[in-house]
Amino acid sequence: PVLDDNGNQVVTLGLKSNEKNKIKAQAAGLLQSTDWYVVRNAESSTAIPTNVSTYRTAIRTKSGEMETAIDGAASAEALEALFTYTTGADDVVSRPLGEWPKL
């Protein structure tokens, strides 16, 4: 193993790990704008609005789906395809990664 100056093993993340970390960061950023509802609920038992709760669940679900898709990519080309916009049968343009739920 490669060690740093302190004798700790140096770990270099691969392409999939880096992309999954980006997805996690994006999800956290999207959730951040509604975190105050969760804090308010914890502090004063004020209910979180249903649409906010649904949105937060959808963000976490989508993040998990994206991470699973990244894990399932068998090659760099397959990973790249996850970021490629395509037009579906219904003429909707989308891509497997990057389309997040809206509040």
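Look up: the structure comes first, before these words.
Note on numbering: residues in each chain are counted from 1, in written sequence order. Reporting of local features is limited, given that this is a predicted model, to residues whose pLDDT is at least 70; pairs of side-chain atoms are given and counted only at 80 or more, and all residues count toward the totals for whole chains, interfaces and linings. Computation of side-chain values covers all heavy atoms of the structure but excludes hydrogens and water.

Caption draft 1: Quick peek at unusual backbone geometry. With a phi close to 60°, Ser 45 is a non-glycine residue in the positive phi region. Labels follow the DSSP assignment, with helices taken as runs of H or I lasting at least four residues and strands as runs of E lasting at least two, numbered in each case from the N terminus. Among the secondary structure elements, Ser 45 is positioned in the loop between helix H2 (35-44) and helix H3 (50-72). Classification of Ser 45 as exposed rests on a relative accessible area of 62%. Using a 1.4 Å probe on the protein chains alone, a residue whose accessible area is under 20% of its type maximum counts as buried, one over 50% counts as exposed, and one in between counts as partly exposed.

Caption draft 2: Focus on the pattern of salt bridges. By definition, a salt bridge exists where a carboxyl oxygen of Asp or Glu is found within 4 Å of a side-chain nitrogen of Lys or Arg. Applying the stated rule across the entire model yields 4 salt bridges. Glu 19 is the salt-bridge partner of Lys 22, the closest N and O atoms lying 3.2 Å from each other. Placement of the pair is Lys 22 and Glu 19 together in helix H1 (residues 15-32), with a separation of 3 residues, close to one helical turn. Close ionic contact of Lys 24 with Glu 67 constitutes a salt bridge, the shortest N to O distance being 2.9 Å. Residue Lys 24 is located in helix H1, and its partner Glu 67 is located in helix H3; the two are separated by 43 residues in the primary sequence. Lys 24 gets classed as partly exposed once you look at its relative accessible area, which sits at 42%. According to the relative accessible area criterion, Glu 67 is buried, its value standing at 14%.

Caption draft 3: Representation of the nonpolar core in the model. Take the buried Ala, Val, Leu, Ile, Met, Phe, Trp, Tyr and Cys residues and link them wherever side-chain atoms come within 4.5 Å; each set so joined is a nonpolar core. Core analysis: the biggest nonpolar cluster contains 12 residues, these being Ile 23, Ala 27, Leu 31, Tyr 55, Ile 59, Met 66, Ile 70, Ala 73, Leu 79, Leu 82, Leu 97 and Trp 100. Contributions of two or more residues to this core are made by H1 and H3. A per-element tally of this core places H3 first, with 4 residues. Residue contacts are counted whenever heavy atoms from the two residues lie within 4.5 Å of one another. Aside from chain neighbours lying at most four places away, what touches Leu 79 is Leu 15, Glu 19, Ile 70 and Ala 73.

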